Amino acid sequence: MQEKKKFYTCKYDRAFKEVFMKEDNKDILTNLLEEILEVKISNIEFLNVERNSDNIKLRRKIFDLHLNTNIGKIQLEVNAYYKSYTRIRNMAYICDTYSHYVLEGNDYNIDTQIIQINFNYGFSFKSNRLCHIYKIKDQDNNLLVKNFTVYEFDMDKYKSLWYNKNIKEIEKNKYIIMLDLNPEELKSLSNKDRMVNKYMSELKRINENPKFREYMSAEEDNRKIENTLRREAIEEGFQEGLEEGIEQGIEQGKEKAKIEVAKSMLENKIDPKIIKNCTGLSIEEINNL
């Protein structure tokens, strides 16, 4: 019996970026963001364009957008996963973005709304809220700054709307719910909705891309190595060697990833000096690939 291939939904950060960081898919992205932010978007501009190449193996760390909306300009970052360090790292990113926009020019500019959206999987809030919205306020609920907001979506609760067949809530939140549905579920959700159908088609497209699957497989393999090393160290009582073993596994995975990226960049005739800056490999190592 042939093993069924794993289908990667937009629960995975890489899949999310491959679907939505594409000029042809701005219409899907617009519908998703309008549902989330409750605004009307007239234009979306991808920032850090050099990171948005068609090369699957080039790691895209930031999903960076500039929106023109009916409530003004919005600078947006989007993340689609959750790990123990996520909140700290995401806060560092959004604060860096905030300082960049506020400090440019001759005065402190607060004309642009700085917003971060985090789709959190595997981490459920204790409250019943689907989404938590964070602003910087004092104990009397007075805003310290007016143009800084973080949205955290509890994606497990959104998935429960789907499983519970809450028709009204599903229709209201369908563009968020669709992010972690498999093909069969997406067919049920689509109901002649053009955006859901297009999203479904795009998600299938990237899942059929061998380079995408190769990247995802390598990423999951590194994660499994880390988990296995941790479990074995605990089981065998080698506490002192735990962190060292994990670190070795991670570093081996990173080194392999660097080499694959460098090879791909060489195939695309990119200057070895640029490859050196991107990967940290020496010119000699690059020439020997």
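Going by the structure above, here's the rest.
Analysis parameters
Residues numbered from 1 in each chain as written. Predicted model: local features only at pLDDT ≥ 70, side-chain atom pairs only at ≥ 80, totals over all residues. Heavy atoms only, no water. Phe/Tyr/Trp six-rings, centres within 6.5 Å; stacked < 30°, edge-to-face > 60°. Lys NZ or Arg CZ within 6 Å of the ring centre and 35° of its normal. Core = buried A, V, L, I, M, F, W, Y, C linked by side-chain atoms within 4.5 Å. Buried < 20%, exposed > 50% of the residue type's maximum accessible area, 1.4 Å probe, protein only. Contact = heavy atoms within 4.5 Å. Axes fitted to C-alpha atoms, helices over the stretch in contact; angles between N-to-C directions. Helix = DSSP H or I, 4+ residues; strand = E, 2+ residues; numbered from the N terminus. Parallel < 35°, antiparallel > 145°, perpendicular 65-115°, else oblique. Left-handed = near helix turned anticlockwise from the far one by under 90°. Nonpolar A, V, L, I, M, F, W, Y, C, P; charged D, E, K, R; others polar. Pairing = 2+ DSSP bridges. Polar contact = N/O pair within 3.5 Å; in protein donor to acceptor, adjacent residues only side chain to side chain.

**Student:** Pulling in residues and values, what's your account of the packing of aromatic side chains?
**Tutor:** For the structure shown, the criterion picks out nine aromatic pairs. Through a chain of ring-to-ring contacts, three or more aromatic side chains come together here, namely F16, F20, F119, Y151, F153, Y158 and Y199. The cationic tip of K165 hangs over the ring face of W162; the distance from NZ or CZ to the ring centre is 4.5 Å.

**Student:** Can you break down the nonpolar core residue by residue, with the values?
**Tutor:** For soluble globular proteins, nonpolar side chains are generally found buried alongside one another. Among the nonpolar cores identified, the biggest contains 51 residues, and F20, I117, F119, F153, L179 and Y199 are the most heavily contacted of them. Aside from chain neighbours lying at most four places away, what touches I117 is L33, I36, L37, L76, E77, V78, N79, Y151 and F153. The next biggest cluster of nonpolar side chains, apart from the first, holds eight residues, and it includes L47, Y98, I114 and V150.

**Student:** Got a sec to walk through the packing of helix α7 (residues 183-190) against helix α8 (residues 194-207)? Specific residues and values, please.
**Tutor:** Relative orientation of the contacting elements α7 and α8 amounts to 165°, with a least axis distance of 9 Å. On the basis of the axis angle, α7 is roughly antiparallel to α8. Relative to α8, α7 is oriented so that their crossing is left-handed. Between α7 and α8, the residues in contact are P183, L186, K187, L189 and S190 and V196, N197, Y199, M200, L203 and K204, respectively. Taken together, the residues of the contact of α7 with α8 break down into seven nonpolar, two polar and two charged.

**Student:** Could you give me a rundown of the sheet that holds strand β3 (residues 72-79), with the residues and numbers involved?
**Tutor:** Strand order in this open sheet of six strands is β1-β2-β3-β4-β6-β5, and the pairing throughout is mixed. A strand with exactly one partner marks an edge of an open sheet, and here the two such strands are β1 (41-46) and β5 (131-134). When strand polarity is set aside, the average angle formed by the axes of neighbouring strands in this sheet is 20°. The pairing of β5 with strand β6 (residues 148-154) spans four bridges and is classified as antiparallel.

**Student:** Explain the packing of helix α2 (residues 26-37) against α8 residue by residue, including any values.
**Tutor:** How two helices sit against one another is set out by the angle between their axes and by the gap between those axes. Contact geometry for α2 and α8: axes closest at 10 Å, N-to-C directions at 120°. As judged from the angle between their axes, α2 and α8 are oblique. Read as a crossing pair, α2 and α8 show a hand that is left-handed. From α2, D27, I28 and N31 reach across to α8, where they touch R194, M195, K198, Y199 and E202. Split by residue class, the contact of α2 with α8 holds three nonpolar, one polar and four charged.

**Student:** Run through unusual backbone geometry, naming residues and quoting values.
**Tutor:** Positive phi values are uncommon outside glycine, yet N141 reaches one of about 70°. Among the structural elements, N141 can be located in the loop between β5 and β6.

**Student:** Give a description of the side chain of N25 that names residues and reports values.
**Tutor:** Inspection of the secondary structure assignment puts N25 in the loop between α1 (13-20) and α2. Among the polar contacts made by the side chain of N25, one reaches the side chain of E202 at a distance of 2.9 Å. Excluding anything up to four places from it in sequence, N25 contacts V19, K198 and E202.

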